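These are the residues of each chain, in order.
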Amino acid sequence: AQSVTQPDIHITVSEGASLELRCNYSYGATPYLFWYVQSPGQGLQLLLKYFSGDTLVQGIKGFEAEFKRSQSSFNLRKPSVHWSDAAEYFCAVGSWGKLQFGAGTQVVVTP
Amino acid sequence: GAVVSQHPSWVICKSGTSVKIECRSLDFQATTMFWYRQFPKQSLMLMATSNEGSKATYEQGVEKDKFLINHASLTLSTLTVTSAHPEDSSFYICSARDSREQYFGPGTRLTVT
């Protein structure tokens with residue numbers, strides 16, 4: 001069975017500092033991996049996805065993620081966070097539509 | 001990017017009544033739409049998948065007679081929560097897929113009193 005674990009429920013980061021959100025997955029085959037961001041009043045927005053190829057994936061808003069098969073991880077990073085990055089972030093595994101989501105990580109950005 | 005809307009954005013209803021939530025793909029045709037449920041501080045759980053013109057496919061544990069899904073056109077899917085009870089209170093999110101990507105609506109907050 002597939003599953004997604006986001007170990008950090010809540011992260012506080014200073015504006016301008018770097019951010020890394022962890023995601024570990026369990027999947028029977030080669031996984032399709034996704035990172036979404038959810039802001040209040042808005043739908044989930046796709047930040048980036050990994051299907052195959054280069055294991056370092058670039059996304060929107062300055063985010064990137066690295067797929068590490070040996071560690072079953074797909075961690076999301078941003079070198080310098082902005083106040084507007086405060087939101088809930090979800091890692092997901094599966095195919096389009098049949099997505100298994102992690103529990104989410106709430107990111108708080110302090111001045 | 002493509003836009004998915006939901007209506008209403010929030011609704012309060014009395015226990016025993018039914019509530020309908022609409023999901024529309026505004027600028028694309030969605031052959032497949034999905035309904036998710038999200039509890040506070042928890043992840044999204046897929047409830048069902050619907051294809052235009054056919055019956056929805058429900059995930060294990062989801063009561064198909066309570067959560068009625070209709071996907072009557074390529075731009076509209078509806079979720080009706082029948083005989084709602086307080087435990088049905090939740091955040092319901094729809095999603096629509098085109099050939100390239102999956103897009104999510106802003107969600108509907110349902111509170112059953």
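Residues numbered from 1 in each chain as written. Chains lettered and ligands numbered in written order. Predicted model: local features only at pLDDT ≥ 70, side-chain atom pairs only at ≥ 80, totals over all residues. Heavy atoms only, no water.

> Even after reading the chapter, I still don't get the overall build of chain A, so can you show me in this structure?
Secondary structure summary: chain A contains zero helices and 12 strands in total. Mapped in sequence order, the helices and strands of chain A form the string β-β-β-β-β-β-β-β-β-β-β-β. A compact globule built from 111 residues would reach a C-alpha radius of gyration of about 13 Å, and chain A, at 13 Å, matches this within 12%. Projecting the C-alpha coordinates of chain A onto the three principal axes gives extents of approximately 40 × 30 × 20 Å. Buried residues in chain A amount to 46% of all 111 residues. Within chain A, residue pairs in contact and separated by at least 24 positions form 54% of the contacts whose partners lie at least 6 positions apart. Carbon and sulfur atoms make up 49% of the accessible area of chain A, which totals about 5,200 Å². (Helix = DSSP H or I, 4+ residues; strand = E, 2+ residues; numbered from the N terminus. Rg over C-alpha atoms; globule rule 2.2 N^0.38 Å. Buried < 20%, exposed > 50% of the residue type's maximum accessible area, 1.4 Å probe, protein only. Contact = heavy atoms within 4.5 Å. Areas by Shrake-Rupley, 256 points an atom, 1.4 Å probe, with all protein chains shown as cover.)

> Would you mind going over the interface of chain A and chain B with me for this structure?
Taken together, the contacts link 15 residues of chain A with 19 residues of chain B. Summing both partners gives a buried area of about 1,400 Å² for chain A against chain B, and 55% of it is carried by carbon and sulfur. Run the count over chain A and chain B and you get one salt bridge. In this structure, the salt-bridge partner of Lys 98 of chain A is Glu 59 of chain B, at a minimum N-O distance of 2.6 Å. Counting every contact that joins chain A to chain B gives four residue pairs in polar contact (both at pLDDT 80 or more). Here the residues of the side of chain A that touches chain B are counted per class, giving eight nonpolar, six polar and one charged. (Buried area = accessible area lost by both parts, 1.4 Å probe. Salt bridge = Lys/Arg side-chain N within 4 Å of Asp/Glu carboxyl O. Polar contact = N/O pair within 3.5 Å; in protein donor to acceptor, adjacent residues only side chain to side chain. Nonpolar A, V, L, I, M, F, W, Y, C, P; charged D, E, K, R; others polar.)

> I'm lost on the sheet that holds strand β8 (residues 76–81) of chain B in this one. Help?
For sheets, the rule is that strands pair by backbone hydrogen bonds, running either parallel or antiparallel. Residue and element names in this part refer to chain B. Taking strand neighbours across the sheet as the criterion, the four strands line up as β1-β3-β8-β7 in an open arrangement whose pairing is antiparallel. Of all strands in the sheet, those bounded by a partner on one side alone are β1 (4–7) and β7 (67–73). The mean angle between the axes of side-by-side strands here comes to 15°, regardless of whether they run parallel or antiparallel. Pairing analysis gives four bridges linking β1 to strand β3 (residues 19–25), with the strands arranged antiparallel. Residue Val 4 lies in a different strand from β3, and its bridge partner there is Ser 25. (Pairing = 2+ DSSP bridges. Axes fitted to C-alpha atoms, helices over the stretch in contact; angles between N-to-C directions.)

> What is the right way to look at the pairing of strand β2 (residues 10–13) of chain B in this model?
Regular strands show a simple pattern: their side chains alternate between the two faces of the sheet. All names here are of chain B. Of the two faces of β2, only one is covered, namely that formed by Val 11 and Cys 13; the face formed by Trp 10 and Ile 12 stays uncovered. With four bridges connecting them, β2 and strand β11 (residues 108–112) associate as parallel partners. Following the sheet pairing, Cys 13 is matched in β11 by Val 112.

> Help me out: how do you make sense of the state of the cysteines in this one?
As used in these notes, a disulfide is a covalent bond between sulfur atoms, one from each of two cysteines. Summed over the entire model, instances satisfying the criterion amount to two disulfides over all chains. For Cys 23 of chain A, the disulfide goes to Cys 91 of chain A, at an S-S distance of 1.9 Å. Here Cys 23 of chain A and Cys 91 of chain A share a disulfide; its torsion about the S-S bond, -65°, makes the bridge left-handed. Of this pair, Cys 23 of chain A sits in the loop between β3 (19–21) and β4 (24–26) while Cys 91 of chain A sits in strand β10 (residues 87–94), and the two are 68 residues apart along the sequence. The burial state of Cys 23 of chain A is the same as that of Cys 91 of chain A; both residues are buried. Between the sulfur atoms of Cys 23 of chain B and its disulfide partner Cys 94 of chain B the distance amounts to 2.0 Å. The sign of the 75° torsion about the S-S bond sets the Cys 23 of chain B-Cys 94 of chain B disulfide as right-handed. Highlighted residues: Cys 23 of chain B in strand β3 and Cys 94 of chain B in strand β9 (residues 90–97), separated in sequence by 71 residues. With a relative accessible area of 0%, Cys 94 of chain B lands in the buried category. Here Cys 13 of chain B stays unpaired: no disulfide links it, and the sulfur of Cys 94 of chain B, its closest cysteine neighbor, is 18 Å away. By relative accessible area, Cys 13 of chain B is classed as buried at 9%. (Disulfide = S-S within 2.5 Å.)

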